[in-house]
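# Inside the fold
Chain residues, written in single-letter form:
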Amino acid sequence: PLAKNAVRKLRTLRHPGVVKVLDAVETDQLIYIATERIAPLTWSTKRKALSEESLKWGLHNVAKTLKFINDEATSVHGNIRASSIYTTESGEWKIGGLDILSSMKEDDAIMFSHGSLVPDIGRYTPPEIASGGWDSVRRNPTHAVDSFQYGILISEVFNGGFSGTDQVGSTKSVPAKMQTSYKRLTHAVPKMRLSVGHFLEQGTRSGSFFDTPLIQLSDGIENLGLKSEAEKDVFLTELERVAESDDFPEDFFKVKVLPELLKAVEFGGGGPKSFGLVMRISTKLSEEEYEAQITPVIVRLFASPDRALRVCLLDNLPLMIDHLNQKTVTDKIFPQMVTGFGDLAPVVREQTVKAVLTIVPKLSDRVINGELLRHLAKTANDEQPGIRTNTTICLGKIARNLGASSRAKVLSAAFSRSLRDPFVHGRNAALMALAATAELFPEDECATKMLPAICPSLVDKEKMIRDQANKTMNIYLERIRKYGQSLPETVQPSPEAGAGSQSSTRMGTPQPGAGGQWMGWAVSSFTNKISSAKGEIQPNGDGTAPSPLERSNSTPPANGIPARPAPQPAPSAPVVPQVSSGLRHVSNSTSAAEEEDFGADWGEMDE
């Protein structure tokens, strides 16, 4: 009869604080009851695994349910204790154990006839039942039995167990603010006992024992969508404070708070503050839970035109990127995200550029080297100097994600442009990015392109730029020096190979000191040309060839040094044919120094 009564009451007593029955099957010998997923409260209380805030929150839920049973349902539970309370997946406390729950309107209520059959009920019965039996319940207030047992429940959960009647009324471990009201619950005289409804009323007063953030949160979360903007802001601020503490039950936030916040963000105008709380709570979810609850909402929110929400999404992207797979990012999130590169609001453009660093590991090479670079090329020329600077920093940090074939070309063009940026921090960012990516450029490009681009910064008007330019220059010079040591000494043929050739080049004798080396090179080039000249001099303008003596006399001595005698032409020397121009010609065998086009190189450096 107790089991049958429990099933009947579970089906008919509809209240959020009562265990929810999904189905029940009755056979000749057994009754099977299928309920929502619950766990006995004693699993947690015996281990003292719940914080004081969580215990108060649970007792508050039980008090609301008992108030309903006693006042609205005019019934008596008669079996309130820790083993009759269960916790749901969200951590909420719900009342079960309705074996002898009876309405006081029923004359043949099961409590009067079978109350004593409940296991271990003697320890939890009030004094009037112990002395006068269960019939005494009729003669006393409806709340008397449940108030006494609720008082025992308070002592039981705060102390981790109930040892017996000597613990009744003991204030050990009971919060100080609760002790006075708690003692009135366990008064020996039934009519002097405080009803659970009055206990609840006293506890919810301002500053009282049930006036806690967690209880206020649980009461307000279900009506979040109905609150005004001001009320919603106050509530979310309080919720944020509770979430930052370690006293809140994680299961409650995951199961109850998170779904309500998601609805508020997506449909109820919860805004960035609600989404920030969603991200904080979602860190407690498993990968499967995240994929099922959070990912679909994130994808839908990126399609929202709300700028404040978009900035909030981009700010929180580091918290969610590890939970998103590459296909979702590339196919669903990035196509929506790129609209921020061209948004009219500078803050959206800037946050979009910053978010690239977070999202780029999840993008395909095709997207990175195609669409992403096209958008970054636009922000590199943005009217806002901060956005240009952040684009340079972004390129420097994602440089290794770019395609190897086009990486050097893209970076050199972008950084060279940034080096001419009028914004001082933009130029500094370019120099720092060049220093960080030096190993990505081929050595010949470091020497021919990057160093010439860096050099103007050495004389920048800002000391910060000059100092950074020197640091960056040293990095590139060191790299080029190491590369130069690996090169061969010369690519010209060896002297032995050209020893028999009459057109071999004379080498200048090195002079001591830097100046001597420079002059030695210059004179060597000049003497190379003289030594390679062969054949006779062309006739003068009047067509007569001067004699060797005339040439010798007409040549003045240089710096007082006697002129070298003119060489006598060999009889077999070939005669150079006369040409109509009057320009002198040397032999077809020219020196290597003549073949080098130094002017072209200087022109490129000037550019």
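The rules we used
- Residues numbered from 1 in each chain as written.
- Predicted model: local features only at pLDDT ≥ 70, side-chain atom pairs only at ≥ 80, totals over all residues.
- Heavy atoms only, no water.
- pLDDT = per-residue confidence, 0-100.
- Helix = DSSP H or I, 4+ residues; strand = E, 2+ residues; numbered from the N terminus.
- Contact = heavy atoms within 4.5 Å.
- Axes fitted to C-alpha atoms, helices over the stretch in contact; angles between N-to-C directions.
- Parallel < 35°, antiparallel > 145°, perpendicular 65-115°, else oblique.
- Left-handed = near helix turned anticlockwise from the far one by under 90°.
- Nonpolar A, V, L, I, M, F, W, Y, C, P; charged D, E, K, R; others polar.
- Pairing = 2+ DSSP bridges.
- Phe/Tyr/Trp six-rings, centres within 6.5 Å; stacked < 30°, edge-to-face > 60°.
- Buried < 20%, exposed > 50% of the residue type's maximum accessible area, 1.4 Å probe, protein only.
- Lys NZ or Arg CZ within 6 Å of the ring centre and 35° of its normal.
- Lys, Arg positive; Asp, Glu negative; His and termini not counted.
- Salt bridge = Lys/Arg side-chain N within 4 Å of Asp/Glu carboxyl O.

Moving on, we get to the confidence of the model for the protein chain. Here the protein chain averages 80 in pLDDT, and 80% of its residues register 70 or above. When mean pLDDT is taken per element in the protein chain, helix α23 (residues 424-436) scores highest with 95 and helix α29 (residues 598-606) scores lowest with 31. Counted against residues more than four places away or in other chains, residues 500-534, with its pLDDT under 50, gives 24 contacts.

Before going further, it helps to examine the packing of α23 against helix α25 (residues 463-485). At a minimum axis separation of 9 Å, α23 and α25 run at an interaxial angle of 15 degrees. As summarised for this structure, α23 and α25 are arranged roughly parallel, according to the angle between their axes. Where α23 crosses over α25, the handedness of that crossing is left-handed. Residues V424, H425, R427, N428, L431, M432, L434 and A435 of α23 touch α25, and the partners they reach there are M464, I465, Q468, A469, T472, I475 and Y476. Taken together, the residues of the contact of α23 with α25 break down into ten nonpolar, four polar and one charged.

Within a regular beta strand, the side chains point alternately toward one face of the sheet and then the other, so they alternate between its two faces. By the bridge criterion, five bridges tie strand β1 (residues 21-26) to strand β2 (residues 31-35) in an arrangement that is antiparallel. Following the sheet pairing, V25 is matched in β2 by Y32. Here β1 folds back onto β2 in antiparallel fashion, the turn holding four residues.

With that out of the way, let us pick up the sheet that holds strand β6 (residues 93-95). Where strands meet in a sheet, backbone hydrogen bonds hold them as pairs that are either parallel or antiparallel. If you trace the three strands from one edge of the open sheet to the other, you get β3-β5-β6, paired in antiparallel fashion. The open sheet has two edge strands with one neighbour each: β3 (38-40) and β6. Mean inter-strand twist for the sheet, computed between neighbouring axes without regard to direction, equals 40 degrees. Where β3 and strand β5 (residues 85-88) come together, three bridges link them in antiparallel fashion. Pairing of P40 across the sheet is with Y86, part of β5. Sitting on the sheet, helix α3 (residues 52-72) touches β5 and β6, and the angle it makes with β6 is about 30 degrees.

On to the packing of aromatic side chains. Aromatic ring pairs: the centre-centre distance and the angle between the two ring planes describe each pair. This model, assessed by the stated rule, comprises seven aromatic pairs. A ring pair is formed by F199 and F210, whose centres lie 5.8 Å apart and whose planes are at 85 degrees; its orientation type is edge-to-face. Taken as a pair, F199 in helix α9 (residues 196-203) and F210 in the loop between α9 and α10 (213-220) lie far apart in primary sequence, eleven residues in all. Take F199 and F210: they sit in the same class, and that class is buried. Here R138 stacks its cationic end above the ring of F112, 3.6 Å away from the centre of that ring.

Topologically, T35 is positioned in strand β2. Between the C-alpha atom of T35 and that of V21, which follows or precedes it by 14 residues, the distance is 4.3 Å. Excluding anything up to four places from it in sequence, T35 contacts V19, K20, V21 and L22.

Moving on, we come to the pairing of β5. Of the pairings in the sheet, the one linking β5 to β6 comprises three bridges and is antiparallel in character. In the strand pairing of β6, T87 is matched with W93. Hairpin connection of β5 to β6: four residues between the antiparallel strands, including G91 at a positive phi of 90 degrees.

With that settled, consider the packing of helix α21 (residues 385-397) against helix α22 (residues 407-419). Interaxial distance between α21 and α22 falls to 11 Å at its minimum, and their mutual angle equals 150 degrees. In terms of orientation, α21 lies roughly antiparallel with respect to α22. As α21 packs across α22, the resulting crossing turns out to be left-handed. In this structure, α21 uses T392, L395 and G396 to contact α22, whose residues at the interface are L411, A414, F415 and S418. Class assignment for the residues of the contact of α21 with α22 results in four nonpolar, three polar and no charged.

Checked against the element boundaries, R407 lands in helix α22. Here R407 occupies a buried position and makes no salt bridge, while the nearest side chain of opposite charge, E439, is found at 8.8 Å. The residues contacting R407, other than those within four sequence positions of it, are A399, R400, L402 and L440.

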